Amino acid sequence: MMGVLLWVMQLLIEEKWGVPGEMAVVAAAFASPLFITARTFGTELSTAVFLSLAALACQRKHLALGVLFVGVAALFRPAAIVFASGWVVLLIHRPWREWVACGAALLVGIFGIGLANYVRFGSFLEYGYASSIGFTLQLTGLLGLLASPGRSLILFVPWVLLMIPLLMHAIRKRDQLTLGMSLGMLVFIALHASWREWYGGWSYGPRLLMPIIPIVAVLVAPWLTRWYAWLLLLVGLFIELLTIKIYPLAVIQNALESGLSLDQTIWSLDSNMILLQLRSQLVPGNEMSIVIVVIGFLALVVIDILARLKPRSSKSR
């Protein structure tokens with residue numbers, strides 16, 4: 001699934017921006033918690049594949065097909081259906097027939113989710129979670145997903161900050177695809193921030209937000225080769241390379257067994273997941289971890305050089 005995801009990302013980057021997408025692929029695959037997700041069979045990765053296909057369909061002006069792909073993504077993660085909110089921007093100034101087609105596709109997706117629930121759980125409204133899912137307006141989830149030491153999107157995926165110059169560019173150029181995908185991602189984040197388990201249980205980083213990371217990488221692709229992106233990429237790469245030798249779930253289990261609470265691994269400045277993971281490496285016999293970090297850094301340098309040497313397409317948007 002990771003291979004399919006990276007292939008779709010490459011297609012989308014080259015069609016949207018007309019530039020090679022190596023750095024964006026590296027950012028998504030190795031400088032974000034997708035690196036952890038790809039090592040398990042999680043629903044986040046499958047959701048990410050179909051959301052990326054939805055963006056690719058929209059890039060090719062197949063808006064209703066894009067909504068259908070969002071519906072397929074929602075079969076893996078029902079909350080992903082809210083990503084379709086971005087189509088409000090994409091449909092501006094479009095014929096009413098396309099509004100109807102996209103609305104019909106959305107209904108098909110919702111019906112598909114209900115049917116899948118019925119087949120698996122015997123009810124259209126049963127998702128396999130507790131009866132009280134607990135979506136409420138709250139600041140805790142939003143602050144946690146954006147600023148907590150153990151779950152922050154900005155800390156675990158620092159290059160997401162490149163969305164700032166991207167959005168400024170998109171507003172100037174009236175780039176509907178970028179603005180539409182950005183709106184879909186904002187609604188996606190807001191919904192997950194309002195869930196009672198916004199932190200995603202035992203996880204390394206904001207696990208529930210992983211489906212939108214490839215979209216971010218695609219949109220910021222032209223900015224990832226600029227000098228100020230290097231530090232952001234290296235921080236993200238370092239945080240993920242810490243997980244190669246010792247799996248994070250083993251670290252968090254040991255931490256909880258030693259007396260720490262789950263809240264401490266999320267909010268504490270001295271016992272959060274990144275520091276716990278780092279400390280697990282700094283023991284005798286784990287010198288190979290340093291070697292892995294150095295190799296990862298050198299690989300990033302080589303990939304960046306090759307991306308710069310690769311001839312650019314004359315296609316530009």
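The structure displayed is predicted, hence computed values, not measured ones.

**A closer look at the pattern of salt bridges**
Within this structure, the stated rule accounts for five salt bridges. Between Glu-44 and Arg-207 there is a salt bridge, with its nearest N and O atoms 2.4 Å apart. Taken together, the residues Glu-44 in helix H4 (residues 43-59) and Arg-207 in the loop between helix H11 (176-193) and helix H12 (213-219) connect sequence positions 163 residues apart. Overall, the relative accessible area of 5% leaves Glu-44 in the buried class. According to the relative accessible area criterion, Arg-207 is partly exposed, its value standing at 28%. Across the pair Arg-94 and Glu-98 runs a salt bridge whose closest N-O atoms are separated by 2.9 Å. For Arg-94, a relative accessible area of 30% puts it in the partly exposed group. A single salt-bridge network, built from bridges that share partners, covers Glu-44, Arg-77 and Arg-207.

**Re empty space enclosed by the protein**
Over the atoms, a rolling probe the size of a water molecule traces out where space has been left empty. Under the definition given, this model contains one cavity of 30 Å³ or more. As a volume, the largest cavity reaches approximately 30 Å³. The wall of the largest cavity is formed by Leu-12, Lys-16, Ala-55, Leu-177, Met-181, Ile-215, Val-218 and Leu-219. Residue contributions to the lining of the largest cavity peak at three residues, all from H12. Across the lining of the largest cavity, the residue classes tally to seven nonpolar, no polar and one charged.

**Considerations on the confidence of the model for the chain**
Per-residue confidence for the chain gives a mean pLDDT of 87, with 89% of residues at or over 70. Taken together, the stretch residues 313-317 has pLDDT below 50 and engages in 10 contacts with residues farther than four places along the chain or on a different chain.

**Quick look at unusual backbone geometry**
We note that His-93 has phi near 70°; this positive angle belongs to a residue other than glycine. Among the residues examined, His-93 registers a relative accessible area of 80% and is labelled exposed. Notably, Arg-174 is not glycine yet its phi reads approximately 55°, a positive angle. If you trace the backbone, Arg-174 turns up in the loop between helix H10 (163-173) and H11. Taking the relative accessible area as the measure of exposure, Arg-174 reaches 73% and is therefore exposed.

Thresholds, definitions, all that
Residues numbered from 1 in each chain as written. Predicted model: local features only at pLDDT ≥ 70, side-chain atom pairs only at ≥ 80, totals over all residues. Heavy atoms only, no water. Salt bridge = Lys/Arg side-chain N within 4 Å of Asp/Glu carboxyl O. Helix = DSSP H or I, 4+ residues; strand = E, 2+ residues; numbered from the N terminus. Buried < 20%, exposed > 50% of the residue type's maximum accessible area, 1.4 Å probe, protein only. 1 Å grid on protein atoms, 1.4 Å probe; cavity = no way out; pocket = protein on both sides within 12 Å on 5 of 7 lines; lining within 4 Å. Points joined across faces, edges and corners; volume = space filled by probe spheres on them. Nonpolar A, V, L, I, M, F, W, Y, C, P; charged D, E, K, R; others polar. pLDDT = per-residue confidence, 0-100. Contact = heavy atoms within 4.5 Å.

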